[in-house]
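Tertiary structure, described
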Amino acid sequence: MKAVLARSLSHKQIMTNDGKAIGELRNLMVDFDTGQITDLIIEPDETYDTTGYQMDGDRMMVPFESVRDIKDFIVIDRYLSRM
């Protein structure tokens, strides 16, 4: 995956690889020892079923390794994003 500036990710929409809208990116979790992004913090749409996802209050935590593409949307593999 090519380099992307973090500020360009702010408020990007998150979609699954099968075309379902999940919600909007709110923040990133970073391992400061390695500098690697570990998780996306997503504000899920009210209609999206968050069952099976790691939740922190009303925010969804999705492992960064599930990201498949970053363009107009951030595309994640929904099977890799669940616990």
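Structural notes, computed from the coordinates. Predicted model, so just to flag it, every value in this text is computed and none were measured.

**What to know about the overall build of the chain**
Each helix and strand counted, the chain has 0 helices and 7 strands in total. The N-to-C order of helical and strand elements in the chain reads β-β-β-β-β-β-β. For the chain, the spread of C-alpha atoms along the principal axes amounts to about 35 × 25 × 20 Å. Residues classed as buried in the chain amount to 33% of the 83 residues present. For the chain, the proportion of contacts with a sequence separation of at least 24, taken over those separated by at least 6, is 38%. Summed over all atoms, the accessible surface of the chain reaches about 5,500 Å², with 49% contributed by carbon and sulfur.

**Regarding the packing of aromatic side chains**
Here the structure, examined in full by the defined rule, presents 1 aromatic pair. A ring pair is formed by Tyr 48 and Tyr 53, whose centres lie 5.9 Å apart and whose planes are at 55°; its orientation type is tilted. On the basis of relative accessible area, Tyr 53 is assigned to the buried category, the value being 4%.

**Thoughts on the pattern of salt bridges**
Within the structure shown, the criterion is met by 4 salt bridges. Between Asp 18 and Arg 78 there is a salt bridge, with the nearest N and O atoms lying 2.9 Å from each other. Residue Asp 18 is found in the loop between β1 (13-16) and β2 (21-31), and its partner Arg 78 is found in the segment after β7 (74-76); the two are separated by 60 residues along the sequence. By sharing partners, the salt bridges in this structure join Glu 24, Arg 26, Glu 43 and Arg 59 into a single network.

**Structural notes on the pairing of β2**
Pairing analysis gives 3 bridges linking β1 to β2, with the strands arranged antiparallel. Across the sheet, the residue bridging to Met 15 is Ala 21, located in β2. Where β2 lies against strand β3 (residues 36-44), 8 bridges are found, and the strand directions are antiparallel. Across the sheet, the residue bridging to Gly 23 is Pro 44, located in β3.

Conventions used here
- Residues numbered from 1 in each chain as written.
- Predicted model: local features only at pLDDT ≥ 70, side-chain atom pairs only at ≥ 80, totals over all residues.
- Heavy atoms only, no water.
- Helix = DSSP H or I, 4+ residues; strand = E, 2+ residues; numbered from the N terminus.
- Buried < 20%, exposed > 50% of the residue type's maximum accessible area, 1.4 Å probe, protein only.
- Contact = heavy atoms within 4.5 Å.
- Areas by Shrake-Rupley, 256 points an atom, 1.4 Å probe, with all protein chains shown as cover.
- Phe/Tyr/Trp six-rings, centres within 6.5 Å; stacked < 30°, edge-to-face > 60°.
- Salt bridge = Lys/Arg side-chain N within 4 Å of Asp/Glu carboxyl O.
- Pairing = 2+ DSSP bridges.

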